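# Overview (structure and organization)
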2 protein chains.
Amino acid sequence: MDPVNLKKLAEQLNLSVSTVSKAFRNSYDISEDTKSRILALARELNYQPNPLASSLRTQKSKTIAVIIPEIANNFFTQAINGIESVAQESGYHVLFYITHEDHNKEVSFTRLLQSGRVDGVLISLSNGAGNFDHLDQLREKGLPMVFFDRIYESSSTTRITTNDFESGYLATHHLIEQGCKRIAHIYFSGRLSISNKRKDGYLKALADHGMEVDEKLIVSCGQDRTENFRNVKQLIEQEKPDGLFSSFEKLVILAYEVCAELNIVIPDQLKLIGFSNLETAALLNPSLTTITQPAFEIGWKAASVLFKALEKNSANIPDEHIVIDSVLIKRKSTEKGEY
Amino acid sequence: MDPVNLKKLAEQLNLSVSTVSKAFRNSYDISEDTKSRILALARELNYQPNPLASSLRTQKSKTIAVIIPEIANNFFTQAINGIESVAQESGYHVLFYITHEDHNKEVSFTRLLQSGRVDGVLISLSNGAGNFDHLDQLREKGLPMVFFDRIYESSSTTRITTNDFESGYLATHHLIEQGCKRIAHIYFSGRLSISNKRKDGYLKALADHGMEVDEKLIVSCGQDRTENFRNVKQLIEQEKPDGLFSSFEKLVILAYEVCAELNIVIPDQLKLIGFSNLETAALLNPSLTTITQPAFEIGWKAASVLFKALEKNSANIPDEHIVIDSVLIKRKSTEKGEY
C-alpha cells in the first residue's frame, strides 16, 4: 500500500505541496476554506504526518528520554508510571535507557542524546564510579534535564527527591523506640547523595539518643550480590545487632534471606526496617516495616517540571531542590513482642 | 553554545555541505584524503550527526517501540530487561508505550507508529475489549512486528509465549497430587489467549483425574480490584475450595490478601499456586509455589527475532509460534502438612 503523503494529497486537490503543508502547520497564509478541504481529505485517506520530517522542520522530536539505573525495581516502575502519565497527556513519546548501574553506559547514553533525538531528559543516576562531566556537557548543549531520586547535587537544574535525611532519621528513631540497642545500617556505597543522606539521618538519630556509633555495625554494599550476602551475614552473625535499617529495598530483601539462612527470628531477635516500595511488603514473613517513597509522585513531578519548560520552549529549568516526603509504615518486622 | 553542524564543518574546511555530508555516508564520490580531513575535524569539534536528518535520508529511525499493558509487573520488567539487552547491543533506541489495559490507548499508540517513527514493534496486548483491526493495519503498512506473551493469535508474524496450556495443566496436577479435591481457578476474562489456554490446562487436568468441573469454583476477574477482591472472597468463603490455581500474579497476591482477611491458613486450609515472577515469592508468608515464566528469555527472543529482520532490511518476519517453557517451583503454599 502506497503511503499517503503530502504530495499525494496535493495532487488529488490540485494544490501545491507547500499549500498542503501549510494546512498542517495551521498557517495564516492559506484560506480557512482551503484548509478545511485539505484536512477533510487527510482524514478520509488516514494521512499520518511523517514525524521525522516534521521534527526536522520544527526542531522538536516530541520525545523525551528517561535514563534509569534499573527497571526490575518497584520504586522505578512506579516512578515510570508517574512520568508516563504526564507524557501521555502531553502527547510525548518516551525513550528508556537502563544503565544497570554502569557509569560507562550512562556516559554513552548521554552522548547519544546530545544530537537532537530528544527534547528533554529525566535522569536518575547510576551508582557506578566516575565523574559528572557528561552531565555538564549535556547541560551545555542546552538540553533541558531534570534529576529525580538519584540526583546530581551540583547541577543547576531541578532535582526531585524524597526527604532522605529525615526518613533515615525516622527509621532509626523507630527502631530505638521499639527498644533496639545495637542498630546496624546497610547501604550502597558510591556516589549517590541519597545513600549518604539516609546514612546521615541514621547517625544523627543515634547521636540524639546518646547512642554511640559502632563502625562495625555499618556495612556498605556494592554491585556483587554474593559479596553483599556474605557481608550482611557476617554482620548479623558476628555483631548480633538487634535492629537493622537498610536504605535500599534490595538490601532489606537480602537481609530477610540472610535471616532465613541463619534461623534468626524477625522481629524477636532482629527488628528490620527498610526503604521499600514493595507491593508485597504486607505479605512477607513477617510483614515488613517500610519507609515508602512517593515514587509515582516523584516521577510525575519530574515530568511535569520538564514539560512545563518544553511548552514554553525554554531550556531554562529552575535551579531548585523539590522534596516530597516518604511515609513510615509500621508492620510486624519491627513489632515489640513478649519473647 | 552553537551546535556543530554540517554547515559549520563545511565552512571551516572550505568545502561544500554536500561534500561534508558524503564523508558521513562513506560515499565513493569523494577522495579518501578529503574524507579523513572531514572526519578528523568532526571528532575534534565533537560533531554529533542530527539523527532526525539522517533518519530521513536513510528512512531508518534506529528506534523500536515496545507496547505493554503495564510496567509495575515482574513479568514485564524482566521481559523489558531481555528486550533492552538486545537493543543496546544492536545500537537501537527503545520507545515504551503503556496501555494500562486500555484498548483505546493501544489503538492510538499503533496509529502514532504508522508514520515512520520506528523501524519495528514488539507488542503484548492489552486485555481491553475491542477488535484487532489496528494491528492488521499496522501490518499492512509493512511495519515489522513481533508479539510476546499476550499475543494476537491470527497475526501472520512471530508470536512468543510460554507453554501456557501445559503450565496450567501442571499447576492443577500439582494441587491434585498434594491431595486437593475442590480446586478453584481464578483468571482474567477478556480476549487474552494465554488466559484461556491456562484455563484449558486446568480443565484438562481435572478431566484426566476424573474430577468434575464445578463452574462455581471458576471465577473470572476484571480490571476493578475491589470487585475482584469481593468475588475471590466470596469464592473462598462460600465454596470452600481446598486448592486454588491463579493464572496471573496479581490475582494470587489478591488471594493471599483475601486469606489474611478471612483468617484462612495457607496451605492447611487452602493450597495456593499461581503464575508469578515475583522476586519475593520465597519470602511470602507462606512462601508461594509458582509457575515461573522465562520472562527475560521471552523478551530477549522477541527482540532478537525483530532485529534479525531489521538487519536484513526486511519486514518479512516468519509466521511462527515460539514456545519457551515455564518451571514449577514448589514452596510452602502447596505443602502437605500434618494438620
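Above this text sits the structure in question.
Scope of this entry: the structure provided in the associated data block. One numbering rule holds for all chains: residues counted from 1, following each sequence as written. Here chains are named by letter from A upward and ligands by number from 1 upward, in the order in which they appear as written. With the structure being a predicted model, the display of local features is reserved for residues of pLDDT at least 70 and the display and counting of side-chain atom pairs for 80 or more, all residues being used for whole-chain, interface and lining totals. Side-chain metrics rest on all non-hydrogen atoms present in the structure, leaving aside hydrogens and water.

### Focus: the overall build of chain A
- Each helix is a run of H or I in the DSSP string that is no shorter than four residues. Each strand is a run of E no shorter than two, and both are numbered from the N terminus. Helix and strand content of chain A: 12 helices and 12 strands.
- We take the radius of gyration over the C-alpha atoms and set the globule estimate at 2.2 Å times the residue count to the 0.38 power. A globule of 339 residues ought to have a C-alpha radius of gyration of about 20 Å, yet chain A, at 26 Å, is considerably larger.
- Across its three principal directions, the C-alpha atoms of chain A cover 90 × 40 × 30 Å.
- Looking at chain A as a whole, 55% of its 339 residues are labelled buried.
- Contacts are assigned to residue pairs with any non-hydrogen atoms lying within 4.5 Å of each other. Intrachain contacts of chain A at a sequence separation of at least 6 include 73% that bridge at least 24 residues.
- All accessibility values rest on the Shrake-Rupley procedure with a 1.4 Å probe; residue burial counts only the protein chains present in the view. Of the roughly 14,700 Å² of accessible surface on chain A, 47% is carried by carbon and sulfur atoms.
- As used throughout, the charge tally considers Lys and Arg to be positive and Asp and Glu to be negative, leaving His and the chain termini uncounted. Where a charge lies is defined by one atom per residue type, namely NZ (Lys), CZ (Arg), CG (Asp) and CD (Glu). Here chain A contributes 38 positive and 43 negative side-chain charges, whose respective centroids are spaced 5 Å apart. Relative accessibility decides the category of a residue: with a 1.4 Å probe and only protein chains considered, values under 20% of the type maximum give buried, values over 50% give exposed, and everything between is partly exposed.

### A word on the interface of chain A and chain B
- In this assembly, 45 residues from chain A lie in contact with 45 residues from chain B.
- Buried area, as used here, totals the accessible surface that two parts lose on assembly, with accessibility defined by a 1.4 Å probe and the loss added over both. Taking both sides of the interface into account, the surface hidden between chain A and chain B amounts to around 4,400 Å²; carbon and sulfur atoms contribute 60%.
- For salt bridges, the criterion is a side-chain nitrogen of Lys or Arg within 4 Å of an Asp or Glu carboxyl oxygen. In this structure, the connection of chain A to chain B is made through 0 salt bridges.
- In the analysis that follows, any N or O atom pair within 3.5 Å is treated as a polar contact, provided that within protein one partner can donate a hydrogen and the other can accept it, and provided that, for residues neighboring in sequence, both atoms belong to side chains. On the surface where chain A and chain B come into contact, there are 19 residue pairs in polar contact (both at pLDDT 80 or more).
- Elements supplying a minimum of two residues to the side of chain A that touches chain B: helix 4 (51-58), helix 5 (74-90), strand 2 (93-98), helix 6 (103-113) and helix 11 (249-262) of chain A.
- Looking at the side of chain A that touches chain B element by element, the count peaks at 6 residues for strand 2 of chain A.
- By residue class, the composition of the side of chain A that touches chain B is 21 nonpolar, 16 polar and 8 charged. Gly counts as polar in this scheme, as do all residues outside two lists: the nonpolar Ala, Val, Leu, Ile, Met, Phe, Trp, Tyr, Cys and Pro, and the charged Asp, Glu, Lys and Arg.

### A look at the relation of the copies chain A and chain B
- Expressed as a screw operation, the relation of chain A to chain B combines 0.1 Å of axial shift with a rotation of 179 degrees, fitting to an RMSD of 0.4 Å. Such a turn and shift between the copies fits a two-fold axis. When the copies are superposed, the least-squares fit takes in the C-alpha atoms of residues with a pLDDT of at least 70 in both.

### Observations regarding the sheet that holds strand 6 (residues 183-188) of chain B
Residues and elements named next belong to chain B.
- In short, DSSP must find at least two bridges between two strands for them to pair. Ordered in space as 7-6-8-9-10-12, the 6 strands form an open sheet in which the pairing is mixed. The open sheet has two edge strands with one neighbour each: strand 7 (218-221) and strand 12 (327-329). Averaged over all pairs of adjacent strands, the angle between their axes in this sheet comes to 15 degrees, without regard to strand direction.
- Of the strand pairs in this sheet, strand 6 and strand 7 are connected by 4 bridges, and their pairing is parallel. Its bridge partner lying in strand 7, His 185 is registered against Ile 218.
- Each axis is a line fitted through C-alpha atoms, taken for helices only over the stretch in contact, and angles between the N-to-C directions span 0 to 180 degrees. Helix-sheet contacts for helix 8 (residues 164-177) involve strand 6, strand 8 (243-246), strand 9 (271-275), strand 10 (289-292) and strand 12, and the interaxial angle to strand 9 is about 170 degrees.
- Most of the contacts of helix 11 (residues 249-262) go to strand 9, to which it runs at about 155 degrees, and overall it touches strand 6, strand 7, strand 8 and strand 9.

### Some points on the packing of aromatic side chains
- Each pair of aromatic rings taken from Phe, Tyr and Trp, with Trp reduced to its six-membered ring, is defined by centres within 6.5 Å and is described as stacked if the planes are under 30 degrees apart, edge-to-face if over 60, and tilted in the remaining cases. Inspection of every chain in the model, using the stated rule, returns 17 aromatic pairs over all chains.
- Taking the centre distance of 4.4 Å and the plane angle of 5 degrees together, the rings of Phe132(A) and Tyr152(A) count as stacked. You can see Phe132(A) sitting in the loop between strand 3 (120-123) and helix 7 (133-140) and its partner Tyr152(A) sitting in the loop between strand 4 (145-148) and strand 5 (158-161), a full 20 residues away along the chain.
- Overall, the relative accessible area of 22% leaves Phe132(A) in the partly exposed class.
- A relative accessible area of 9% means that Tyr152(A) is categorised as buried.
- Between Phe245(B) and Phe275(B), the ring centres sit 6.2 Å apart and the planes meet at 40 degrees, which makes this aromatic pair tilted. Here Phe275(B) lies in strand 9 and Phe245(B) lies in strand 8, a separation of 30 residues in the sequence. An identical accessibility class is assigned to Phe245(B) and Phe275(B); each is buried.
- Among the aromatic residues, those joined into a cluster by ring pairs are Phe75(A), Phe76(A) and Phe148(A).

### Things to note about helix 6 of chain A
- Along helix 6 of chain A, the positions that sit buried rather than exposed are His103(A), Glu106(A), Val107(A), Phe109(A), Thr110(A) and Leu113(A). One side of helix 6 of chain A carries all its buried residues, which in axial view fall inside an arc of 165 degrees.
- Next to the buried residues of helix 6 of chain A lie strand 1 (63-68), strand 2, strand 3 and helix 7 of chain A together with helix 5 (74-89) of chain B. Arc definition: it is the arc formed by the directions from the helix axis to the C-beta atoms.

### Re the sheet that holds strand 12 (residues 327-329) of chain A
All names here are of chain A.
- The strand order 7-6-8-9-10-12 describes an open sheet built from 6 strands, whose pairing is mixed. Either end of the sheet is taken by a strand with one partner, and the two such strands are strand 7 (218-221) and strand 12. The average undirected angle you get between the axes of adjacent strands in this sheet is 15 degrees.
- Where strand 8 (residues 243-246) and strand 9 (residues 271-275) come together, 4 bridges link them in parallel fashion. Note that in strand 9 the partner of Ser 246 across the bridge is Gly 274.
- Lying on the sheet, helix 11 is in contact with strand 6 (183-188), strand 7, strand 8 and strand 9; it crosses strand 9 at an angle near 155 degrees.

### Some points on the side chain of Glu249(A)
Residues and elements named next belong to chain A.
- Relative to the assigned elements, Glu 249 resides in helix 11.
- Buried and unpaired, Glu 249 has no salt bridge, with Lys 250 as the nearest side chain of opposite charge at 9.0 Å.
- Of note is the side chain of Glu 249, whose polar atom sits 3.0 Å from the side chain of Ser 276.
- Engagement of the side chain of Glu 249 in a polar contact is seen with the backbone nitrogen of Leu 278, the distance being 3.1 Å.
- Look past the residues within four positions of Glu 249 in its chain and what remains in contact with it is Asn 74, Phe 275, Ser 276, Asn 277 and Leu 278.

### What about the side chain of His103(A)?
Residue and element names in this part refer to chain A.
- Within the secondary structure, His 103 is located in helix 6.
- Using a relative accessible area of 10% as the deciding quantity, one classes His 103 as buried.
- Setting aside chain neighbours within four positions, we find His 103 in contact with Ser 126, Gly 128, Ala 129, Gly 130, Asn 131, His 134 and Arg 191.

### Some thoughts on unusual backbone geometry
Residue and element names in this part refer to chain A.
- For the bond running from Ile 266 to Pro 267, omega is 0 degrees, close enough to zero to count as cis.
- For Pro 267, the position within the fold is in the loop between helix 11 and strand 9.
- At His 100, a residue that is not glycine, the phi angle is positive and equals roughly 50 degrees.
- Here His 100 lies in the loop between strand 2 and helix 6.
- With a phi close to 55 degrees, Asn 263 is a non-glycine residue in the positive phi region.
- By the element assignment, Asn 263 lies in the loop between helix 11 and strand 9.

### Examining the packing of helix 1 (residues 6-13) of chain B against helix 2 (residues 17-24) of chain B
Residue and element names in this part refer to chain B.
- Contact geometry for helix 1 and helix 2: axes closest at 8 Å, N-to-C directions at 110 degrees. With respect to helix 2, the axis of helix 1 lies roughly perpendicular. In terms of crossing hand, the pair formed by helix 1 and helix 2 is right-handed. Where helix 1 abuts helix 2, its residues Leu 6, Lys 7, Leu 9 and Ala 10 lie against Val 17, Val 20, Ser 21 and Phe 24.
- Counted by class, the contact of helix 1 with helix 2 contains 6 nonpolar, 1 polar and 1 charged residues. Roughly parallel here means an angle under 35 degrees, roughly antiparallel means over 145, roughly perpendicular means 65 to 115, and every remaining angle is called oblique. A clockwise turn of the near helix away from the far one marks a right-handed crossing, whereas an anticlockwise turn of less than a right angle marks a left-handed crossing.

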